[in-house]
Amino acid sequence: MKKLLLLTALALSGFGVFAQTAGGPDLYGYVWRDSNDPTSPPVYNWIDVAGQPETVTITGLADDNITGPYLLPAPFQYYWYTVDRFWVGSNGYISFQPAQISHPFPIIPTPNTLNNFLAGMMTDLNFSGAGNPANCYYWTSPAQDSVVITYDSVPFWTNVGPQWTGDNTFQIILNYNDSSITYQYKTQTGASASTTSFVTVGIENNSGTDGLMVLQNLYPPSQYCIRFTPPTSTTLQINDASTVYNDNDITGARFISKNPTGAFLLNTQVKNSGNTTLNPFSVTGIVRASNNSIQVSNTVTTNTLLPSQTQDIAYVNPFVPVNSGTFRFINTTTLPGDATPSNDGLTMELQVVDTTLVTIELGYDNGVAAAGGISWNGGDGGCANYFIPPFYPCDITKVSAYIVADPNVVGYYMKVYDDDGLNASAGTLLDSVFIPGGTFNTNAFTQTTLTQPLRIDSGGYYVAWAMAGDGVALGQNAVAPYSNRTFEILSGVMADYRYREIEDLMIRSYISRVGVGIEENEAEGAFGQFFPNPATDRTSILIDATRITQSSIPVRIVDLQGKLVSNKIMPVQNNMLELSLSGLAAGQYAVIFNVGDREIARKISIVR
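Residues numbered from 1 in each chain as written. Predicted model: local features only at pLDDT ≥ 70, side-chain atom pairs only at ≥ 80, totals over all residues. Heavy atoms only, no water.

What is the right way to read the sheet that holds strand β9 (residues 135-140) from this model?
As a general point, the strands of a sheet are linked pairwise by backbone hydrogen bonds and lie either parallel or antiparallel. On the basis of which strands lie adjacent, the open sheet formed by eight strands has the order β2-β3-β15-β12-β11-β10-β9-β4 and antiparallel pairing. The strands lining the two open edges of the sheet, one partner per strand, are β2 (22-23) and β4 (55-57). Two elements, strand β10 (residues 146-157) and strand β11 (residues 164-175), share nine bridges in a ladder whose sense is antiparallel. Counterpart to Trp157 in the pairing with β11 is Trp164. (Pairing = 2+ DSSP bridges. Helix = DSSP H or I, 4+ residues; strand = E, 2+ residues; numbered from the N terminus.)

Rendered as structure tokens:
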């Protein structure tokens, strides 16, 4: 492998090459032709976007990473669904979901978690290194009928200094007039350092079950183009219900305060990902403990959903965090004849922690390292975890990393970053501590006290492990559930960890309580119960003004199907919030109060 050194081996086989000038159709009906096709070839016509007023320079690309999302001017038809944003991969592709794809590059189509992409020239490229001329741009035409993503003078990665060689200039064009996709190749010189599965050119759908591969292990020539054209109509009928996310848009793990009287609200979003109208279908949300026992279960029925339509669901029965430990929030759609079972469900990691302790440990692993470890050739890489604490304010006092090897006795750094970067990415460096080689035991966690406690009042923070030289390796944890909050660092650039969906990184942080703040236990205890309950037209709830000082509180009401039926901001008067129930049908509802960044739920029954 290129930069990543895994002490465990991967067995891979090679694949042949394609030499046609046209191909397809795939299952959906896409066909492709290149500029050498004798019948109706697309014409190579390079679009120079550098310096155009509408051109945006894409920053943050390095070695093996993605950046984005970038919004498209309008939804673009791709297969049977539409896409409205894209991510740019440093390795020569764009994807319509976060997908960090590195060598070895896949055969198309291949069902896995890294689908839904346009492989313009998916190969081992590098935007980093002294003097590297690489640039990347995207341009939207003034009429907003086309989008061009250009890779300009991007070299291959090499393990020989300055770690880049060659020149690849190509572009991916989305045409709104006919929904076609065109790849153009201006220059191609040099070659990848890899010898197997080193380049892929083609398109792949969101399930990885359909797609077209034009080239595998064969570079496109200069002054050359390929066009993918969708069918004018298709007989392929796709019934596909999917889970979009649980709780947050990346289904990222959450830390929750242990509280036998508390409640963690379970939210999810589902979608009609097919091209036919879906009749109402069942959605189930359950929470399981580490021993697989069910803690809470909800089943609702959706509305009728049109193609591409989503529905937000707020389950009535919340998760009550009675015990500390690791839990899983699992959401699953159930649709007879579903075309893409792989997107039916998602699992979210819930870490319930005892926040009454003086020092509270936050981590996503179970303490057992998988065989091997993760390291980076050259000793200039690292990894990071993102943490959102269960309460505010808090102080970060210590961090730790599980080191599996340090054969060259080089040591490592532990760093903490604020999440004040773009889209809550790593921004300000808050602390950096060097741990010298020979001062710690391997195959164990080493705690590091920060220079001074770091106050966190909102949001989250990143804890990074950075190599101080070649050979030092960090532990990986391969036991589900996975946090989806892991990152890799190459050439100083942080990107989604390439194995985040099947591994966690063994990096932890330690926080302590400070002062008096609104956290889950306190906010939960500030609310009484509705009276009367059951109620007809009005009900009230007592609020402890010593804990909650807001003069008004956002209040949502959802029914048993998880559908929002009321959304208002209600005043608090005389330590009481009065709620009108007029217009609501008889039945049971969940009333959700927003206090700071917390959500508190109470049930109310309405009788008529």
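Just checking my understanding: could you explain the confidence of the model for the protein chain for this structure?
Caution applies to low-pLDDT regions: their predicted coordinates should not be interpreted in detail. Summing up the model confidence of the protein chain, the mean pLDDT is 89 and the portion of residues at 70 or higher is 95%. Every residue in residues 1-18 scores below 50 in pLDDT, and together they form 49 contacts with partners more than four places removed in sequence or on other chains. (pLDDT = per-residue confidence, 0-100. Contact = heavy atoms within 4.5 Å.)

What should I look at first to understand unusual backbone geometry in this one?
Of all residues except glycine, most have a negative phi; of all peptide bonds, most are trans. Cis geometry marks the peptide bond from His103 to Pro104; its omega dihedral reads 5 degrees. Mapping Pro104 onto the fold places it in the loop between β7 (93-95) and β8 (117-123). In the segment running from Gly161 into Pro162, the intervening peptide bond is cis, with an omega of 5 degrees. Among the secondary structure elements, Pro162 is positioned in the loop between β10 and β11. Even without being a glycine, Ser179 presents a positive backbone phi close to 60 degrees. The residue Ser179 is located in the loop between β11 and β12 (180-189) in this model. Positive phi values are uncommon outside glycine, yet Ser308 reaches one of about 75 degrees. Tracing the backbone through its elements, the reader meets Ser308 in the loop between β20 (294-301) and β21 (310-314). With relative accessibility at 28%, the residue Ser308 sits in the partly exposed group. (Buried < 20%, exposed > 50% of the residue type's maximum accessible area, 1.4 Å probe, protein only.)

I keep staring at the packing of aromatic side chains and nothing clicks. Help me out?
What describes a pair of aromatic rings is the distance from one ring centre to the other and the angle between the planes of the rings. Counting across every chain of the model gives 34 aromatic pairs. Ring centres of Tyr497 and Tyr499 lie 5.9 Å apart, and the angle between their planes is 90 degrees; on these two criteria the pair is classed as edge-to-face. When the ring centre of Tyr510 is taken as origin, the NZ or CZ atom of Lys398, which lies over that ring, is 5.6 Å away. We note Arg513 situated over the ring of Phe391; from NZ or CZ to the ring centre the distance is 4.4 Å. (Phe/Tyr/Trp six-rings, centres within 6.5 Å; stacked < 30°, edge-to-face > 60°. Lys NZ or Arg CZ within 6 Å of the ring centre and 35° of its normal.)

How should the side chain of Arg508 be read in this particular structure?
Here Arg508 lies in strand β37 (residues 507-513). The class of Arg508 is buried, set by a relative accessible area of 12%. Here Asp365 takes part through its side chain, which lies 2.6 Å from a polar atom of the side chain of Arg508. Setting aside its immediate chain neighbours within four residues, Arg508 contacts Glu361, Leu362, Gly363, Asp365, Asn366, Gly367, Phe387, Val399, Ser400, Phe445 and Val463. (Polar contact = N/O pair within 3.5 Å; in protein donor to acceptor, adjacent residues only side chain to side chain.)

Just to check I follow, could you spell out the pattern of salt bridges for this structure?
Any two side chains of opposite charge can pair, so long as their charged atoms come close to each other. Summed over all chains, the structure comprises ten salt bridges. With a closest N to O distance of 2.5 Å, Asp395 and Arg455 form a salt bridge. Separated by 60 residues along the polypeptide, Asp395 in strand β27 (residues 394-405) and Arg455 in strand β30 (residues 444-456) bring together distant segments of the chain. Judged by relative accessible area, which is 48%, Arg455 ranks as partly exposed. Residues Glu578 and Arg538 are paired through a salt bridge, measuring 3.0 Å at the closest nitrogen-oxygen approach. Of this pair, Glu578 sits in strand β42 (residues 576-580) while Arg538 is found in strand β39 (residues 538-543), placing the two residues 40 residues apart along the sequence. One connected set of salt bridges, linked through shared partners, spans Glu361, Asp365 and Arg508. (Salt bridge = Lys/Arg side-chain N within 4 Å of Asp/Glu carboxyl O.)

Before we go on, may I ask you to explain the sheet that holds β39 in this structure?
In spatial order, the strands read β38-β39-β42; together these three strands make up an open sheet with antiparallel pairing. The sheet is open, and its two edges are formed by β38 (527-531) and β42, each paired on a single side. The mean inter-strand angle of the sheet, taken between neighbouring strand axes irrespective of direction, is 20 degrees. Here five bridges tie β39 to β42, and the two strands are oriented antiparallel to one another. Bridged to Arg538 within β42 is Ser580. (Axes fitted to C-alpha atoms, helices over the stretch in contact; angles between N-to-C directions.)

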